[in-house]
Each structure stands twice: as structure tokens, then as C-alpha cells.
Amino acid sequence: MNDKNLFLDDFRHPPDVTWAQLPLVDWSIVRSVESFKKWVSKHGVPSLVSFDNDLLPEHYVGNSFQNSLPIEDTGFDACMWLVELCEGHQMPFPKWIVHSRNTKGVRRMVDYLLHKEISWDKGITWSYKDF
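Structure report, in brief. (Residues numbered from 1 in each chain as written. Predicted model: local features only at pLDDT ≥ 70, side-chain atom pairs only at ≥ 80, totals over all residues. Heavy atoms only, no water.)

1. A look at the overall build of the chain
Within the chain, the regular secondary structure consists of three helices and five strands. In the chain, the succession of helices and strands from N to C terminus is β-β-α-β-α-β-α-β. Expressed as a percentage of its 131 residues, the buried residues of the chain come to 46%. Taking the contacts inside the chain whose residues are at least 6 apart along the sequence as the reference set, 68% of them involve residues at least 24 apart. Accessible surface for the chain amounts to roughly 7000 Å². Of this, 52% is attributable to carbon and sulfur atoms. (Helix = DSSP H or I, 4+ residues; strand = E, 2+ residues; numbered from the N terminus. Buried < 20%, exposed > 50% of the residue type's maximum accessible area, 1.4 Å probe, protein only. Contact = heavy atoms within 4.5 Å. Areas by Shrake-Rupley, 256 points an atom, 1.4 Å probe, with all protein chains shown as cover.)

Dropping the structure here:
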């Protein structure tokens, strides 16, 4: 694990996220699942990662994106990949945040991460805590 922080979002920057508390740290920003994997492969597992769910234009259908779950190239895919990487190499999972505005995407990632975290640190925060 390195001391870097990784922010996965298709268009936002960390200061744009006002609905979840992001720490004031230096962030490396990646815009896709592919760039997320490349970044981690090059730099190693970050100490903190913040996930968006919807990363492609087709993930947004009008205003109904909050009621659907895209099926590929999502933040959830990046999340699962990182879990598998950490588990496969017996590495600690980083601290994490889910900052997506897609409530179903948030629920899916948070449920998955909390289920997987047996000895890992819990998540710092996530949006839509009222689920």
C-alpha cells in the first residue's frame, strides 16, 4: 500500500463532491475502470480510494440513473477488482469512500465492501447513509 489517494469519477473532481465528506488530501484522479486498474498496477494499492459508480455516458439515462444499475464498466467493477487483488495478494484493503449519486450503486458497493471486510478498516463515509 502506498500513501497516495485515488478518486474514481467520470467527470467530477473531489471539491465537487459535497454530499459525502471527502478528506482534504491530494488526490490522483482516474476516469474509468481501465484507468483505475492501470493506476493501481503502476502505483500500487492507494491508502484511500473514493468510488463513483456510473462512469460512462450510457450509465445516465435522463434522470433515471439513480434507479438503475449499469452492468459493466462501473465503479462497482473497479471495487470488486481491487478486492480480488488485495485478497489474492494478502494485502490490506485501503480505506474507502463511496461518493456516487446513484443510490442503488452506493448500496451495492457499500454492502459488498462491508461484507468483504473481515479484518479491513471500515469505510470512512458514503453518500446516502439513510438506506
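We are not done yet, so read on.
2. Observations regarding the pattern of salt bridges
All told, the structure shown has four salt bridges when counted by the stated rule. The residue Asp52 makes a salt bridge to Arg12 at a minimum N-O spacing of 3.2 Å. Placement of the pair is Asp52 in the loop between strand S3 (48-51) and helix H2 (75-88) and Arg12 in the loop between strand S1 (5-8) and strand S2 (28-30), with a sequence separation of 40 residues. Note on accessibility: Asp52 and Arg12 belong to one class, buried. Its salt-bridge partner being Glu87, residue Lys116 comes within 3.8 Å of it at the nearest N-O pair. A residue pair is termed long-range when its members are at least 10 positions apart, and Lys116 in helix H3 (residues 103-116) and Glu87 in helix H2 qualify at 29 residues. What makes Lys116 partly exposed here is its relative accessible area of 26%. What you see here is one network of salt bridges that share partners, running through Asp9, Arg12 and Asp52. (Salt bridge = Lys/Arg side-chain N within 4 Å of Asp/Glu carboxyl O.)

3. Topic: the packing of H2 against H3
The interhelical angle for the contact between H2 and H3, taken along N-to-C directions, is 10°, at an axis separation of 10 Å. On the basis of their axis angle, the class for H2 and H3 is roughly parallel. On H3, the residues that touch Gly75, Phe76, Cys79, Met80, Val83 and Glu87 of H2 are Arg108, Met109, Tyr112, Leu113 and Lys116. Tallied by class, the residues present in the contact of H2 with H3 amount to seven nonpolar, one polar and three charged. (Axes fitted to C-alpha atoms, helices over the stretch in contact; angles between N-to-C directions. Parallel < 35°, antiparallel > 145°, perpendicular 65-115°, else oblique. Nonpolar A, V, L, I, M, F, W, Y, C, P; charged D, E, K, R; others polar.)

4. Some points on the nonpolar core
One finds Phe36, Phe51, Leu82, Trp96 and Leu113 to be the most contacted residues of the largest nonpolar core, which totals 25 residues. Broken down by secondary-structure element, the contributors of at least two residues to this core are S1, helix H1 (33-43), S3, H2, strand S4 (95-98) and H3. Ranked by residues supplied to this core, first place goes to H2 with six residues. (Core = buried A, V, L, I, M, F, W, Y, C linked by side-chain atoms within 4.5 Å.)

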